[in-house]
Amino acid sequence: MSSESARRSRPLERMEDLVALCARRGFAFPSSEIYGGINGFWDYGPLGVELKNNLKAAWWQAVVRERDDVEGIDSSIICHPRTWEASGHVEHFSDPMVDCRACKKRFRADQLVDAGPCPAREGTSEHDWTEPRRFNLMLQTRIGAAEDAAAIAYLRPETCQPIFNDFRRVRETARQQIPFGIAQIGKAFRNEINPRNFTFRSREFEQAELEFFCREPERERWFDHWLEERLRFHRELGLGPEVLRTRPHAPEELAHYCKRAIDIEFRFPFGWQEIEGVHDRGDWDLSRHSEFSGKDLAITDPETKERYVPIVIETSVGIDRSCLALLCHAYAEEDLEGGETRTVLRLHPRLAPVSAAVLPLSKKLAEPAQRLGRELRRRYNVFYDDAGNIGRRYRRQDEAGTPFCVTYDFDSETDGKVTVRERDSMQQDRIPLEGVAAYLADRLGPGA
Ligand code: GAP
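Keep in mind that what you see is a predicted model, and the values were worked out from it rather than measured.

Asker: Before we go on, may I ask you to explain the site of the ligand in this structure?
Answerer: Looking at the ligand, there are 20 residues lining it, with E158, E192, E209, E274 and I275 nearest. A distance of 2.8 Å separates a nitrogen atom of the ligand from a polar atom in the side chain of E192. Within the complex, the protein chains bury 91% of what would otherwise be the 560 Å² of accessible surface of the ligand. Looking at the shell around the ligand, the elements with two or more residues in it are β11 (204-214), β14 (271-282) and β17 (311-318). Per-element tally for the shell around the ligand: the top contributor is β14, with five residues.

Written as structure tokens, this is what we have:
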């Protein structure tokens, strides 16, 4: 069959282009936009929420469902405030910050190169910095009507601490033995001083975390196992070695409880940056929560009867950051034959917000095309569009990352066939109507 062929492809170079596409197509845009936005908070629109849900489902499938040694939970966002004393967040979870006395802006003391000139000082563009002060990054709230300090609570700054709180209950109810893990996906909140780079550093974001509990002699083996698993996950979603690398933490970078840490980094247009961390947290968390709660979280070895506190190997990935990496990597601008250009998101078909678009060539063909759309929708997220020029409709689907467009034309009425166009190659296949579901199943998996 015929195909529109691409000549030259340019990857994403400027974040502004992706930010513009995300706003234009409703992937993600500033939260409370009608009020001018709120710094560090983002909303995901109809395409963004599908992408995010697909990524979370892929993670849950790989980390929880495909294993019999990992259990999933969904904990509350607000934990008992003692949790954050035990975890060290009340004492240590802070960044050094400085204020400019002239323009009143606040910056992280270690990121002053990004501050730019001071807009408020005459005769000089230099800021008038205060001395650095520690600034705790946890977002506070109050519970109940009482105004006293006892009612202060925190929005969790990471999703793993409630996993430690629930460790005993989950192990007992799921009848798990060491080694095993507990995983969850959920919101985390940090009062970042300088949120930036679109969703990369936000104040509200989602994490997918696994805490894997093992014995001390096996810690290295489990660390290597999980690092490899997590790299495989990213690779399978299309992130190759040219954009993915690992970076071990130097000893002085390690958190005081952390024995070993490796970041998985992605090459963003603004440089190599962490999207996931794999950490050996030792027995710090369970020991501290035992101490602060007064509940012994140690385990008895079933054979030797020895008591011990398990070691924790953690994998912690930001869902928003991962989505951003996937979008950056998928984005391409292509020059087509005939002088046309297109913007395309070459997302992995499993992650694409819309799996297939059904596009009748004319509104007159709406009825049979809608019938096909309804059938496919039982298994896949399908978009139906019968308005406007077919070329323009293809371009819209390319920008949304839709892997397949199914076109119902006037010949379909007589030959019972439709044209399926593949996003990346733009190759078109003419296939029987009744074969469309199987065609998609071959390429997308069985669907819902
Ligand atoms: N429990 C360990 C932990 O939270 P982290 O390195 O602070 O470790 C893990 O965070 C991941 O969470 C990061 O690799 C990143 O993907 C994501 N993350 C952290 N802070 C973020 C922020 N302000 N905005 C978006 N994602 C963030």
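Still more ground to cover, so stick around.
Asker: Honestly, the packing of helix α2 (residues 46-65) against helix α9 (residues 319-330) in this entry has me stumped. Any pointers?
Answerer: Think of two packed helices as two axes; the pair is described by the angle between the axes and how far apart they sit. Between α2 and α9, the shortest axis-to-axis distance is 10 Å and the interhelical angle comes to 110 degrees. One finds that α2 runs roughly perpendicular with respect to α9. The two elements α2 and α9 meet at a crossing, and its hand is right-handed. The segment α2 lies against α9, with L51, K52, L55 and K56 engaging I319, D320, S322, C323, L326 and L327.

Asker: How do you make sense of the packing of aromatic side chains when you look at a structure like this?
Answerer: Describing an aromatic ring pair means giving the distance of the ring centres and the angle of the ring planes. A full pass over the atoms with the stated rule returns 15 aromatic pairs. Between the aromatic rings of W59 and W60, the centroid separation amounts to 6.3 Å while the plane-to-plane angle is 40 degrees, which identifies the pairing as tilted. The exposure class assigned to W59 is buried, which follows from its relative accessible area of 1%. By relative accessible area, which is 24% here, W60 ends up partly exposed. For the ring pair F266 and F268, a centre distance of 4.8 Å and an interplane angle of 75 degrees mean the geometry is edge-to-face. The class for F266 is buried, based on a relative accessible area of 1%. Through successive ring pairs, a cluster of aromatic residues spans F164, F167, F180 and F213.

Asker: Sorry if this is basic, but what is going on with the pairing of strand β20 (residues 356-360) here?
Answerer: Note on strand geometry: in a regular strand, side chains alternate between the two faces of the sheet. Counted residue by residue, β20 has five buried out of five residues, so it is predominantly covered. Burial along β20 is two-sided: the residues A356, V358 and P360 and A357 and L359 are all buried. With helix α10 (residues 366-377) bridging β20 and the parallel strand β21 (residues 382-384), this β-α-β connection has right-handed handedness. Pairing between β20 and strand β22 (residues 404-408): five bridges, direction parallel.

Asker: Could you clarify how one ought to interpret the sheet that holds strand β23 (residues 417-422) in this entry?
Answerer: Across a sheet, strands are paired by hydrogen bonds formed along the backbone, either parallel or antiparallel in direction. Sheet architecture is open: five strands sit in the order β21-β20-β22-β23-β24, paired in mixed fashion. Each of the sheet's edge strands pairs with one partner strand only, and the pair in question is β21 and β24 (428-432). In this sheet, adjacent strand axes meet at a mean angle of 25 degrees when their direction is disregarded. Both β20 and β21 contribute to a ladder of three bridges, which runs parallel.

Asker: How do you make sense of helix α8 (residues 284-293) when you look at a structure like this?
Answerer: Quick reminder: α-helices carry 3.6 residues per turn. Residues three or four places apart thus point the same way. Of all the residues in α8, the buried ones are W284, D285, L286, R288, H289 and S290. If you follow the buried residues of α8, they end up packed against α3 (82-86), α5 (161-165), α6 (167-174), β11 and β14. Immediately beyond the C-terminal end of α8, within one or two residues, lies G294, with a positive phi of roughly 75 degrees.

Asker: Would you mind going over the pattern of salt bridges with me for this structure?
Answerer: Pairs may arise between side chains of opposite charge once their charged atoms sit close together. As enumerated under the stated definition, the model contains 48 salt bridges in all. A salt bridge links E367 to R371, with the nearest nitrogen and oxygen atoms 3.6 Å apart. Of the two residues, E367 and R371 both sit in helix α10, four residues apart, roughly one turn of that helix. R371 sits in the partly exposed class, given a relative accessible area of 48%. Here the residues in one salt-bridge network are E334, E340, R342, R346, R395, D398 and R421, joined through shared partners.

Asker: Can you help me understand the side chain of R201 in this one?
Answerer: In this structure, R201 sits in the loop between β10 (180-189) and β11. Buried within the structure, R201 lacks any salt-bridge partner; E192 is the closest side chain of opposite charge, at an N-O distance of 4.0 Å.

Asker: What is the right way to look at the nonpolar core in this model?
Answerer: The nonpolar side chains of soluble globular proteins are, as a tendency, buried together. Residues L18 and W59 are the most contacted members of the largest nonpolar core, which totals 56 residues. Looking at this core, the element that brings in the most residues is α9, giving eight residues. Residues contacting W59, with those up to four places away along its chain left out, are V64, A183, Q184, I185, A208, E209, L210, R230, F233 and V317. Among the nonpolar cores identified, the runner-up in size contains 21 residues, and A356, Y380, I431 and Y439 belong to it.

Asker: Explain the side chain of H289 here, please?
Answerer: Relative to the helices and strands, H289 is located in helix α8. Setting aside chain neighbours within four positions, we find H289 in contact with T83, A86, S87, Q161, F164, N165, G294, K295 and L297.

Asker: Where do I start with the environment of A153 in this structure?
Answerer: When you line up the elements, A153 lands in strand β9 (residues 152-155). Take A153: its relative accessible area is 0%, and that puts it in the buried class. Separated by 71 residues in the primary sequence, A153 and R82 place their C-alpha atoms 9.2 Å from one another.

Scoring rules and cut-offs
Residues numbered from 1 in each chain as written. Predicted model: local features only at pLDDT ≥ 70, side-chain atom pairs only at ≥ 80, totals over all residues. Heavy atoms only, no water. Near = heavy atom within 4 Å. Polar contact = N/O pair within 3.5 Å; in protein donor to acceptor, adjacent residues only side chain to side chain. Areas by Shrake-Rupley, 256 points an atom, 1.4 Å probe, with all protein chains shown as cover. Helix = DSSP H or I, 4+ residues; strand = E, 2+ residues; numbered from the N terminus. Axes fitted to C-alpha atoms, helices over the stretch in contact; angles between N-to-C directions. Parallel < 35°, antiparallel > 145°, perpendicular 65-115°, else oblique. Left-handed = near helix turned anticlockwise from the far one by under 90°. Contact = heavy atoms within 4.5 Å. Phe/Tyr/Trp six-rings, centres within 6.5 Å; stacked < 30°, edge-to-face > 60°. Buried < 20%, exposed > 50% of the residue type's maximum accessible area, 1.4 Å probe, protein only. Right-handed = clockwise from strand over helix to strand, strands pointing away. Pairing = 2+ DSSP bridges. Salt bridge = Lys/Arg side-chain N within 4 Å of Asp/Glu carboxyl O. Lys, Arg positive; Asp, Glu negative; His and termini not counted. Core = buried A, V, L, I, M, F, W, Y, C linked by side-chain atoms within 4.5 Å.

Honestly, it's all geometry; don't read function into it.
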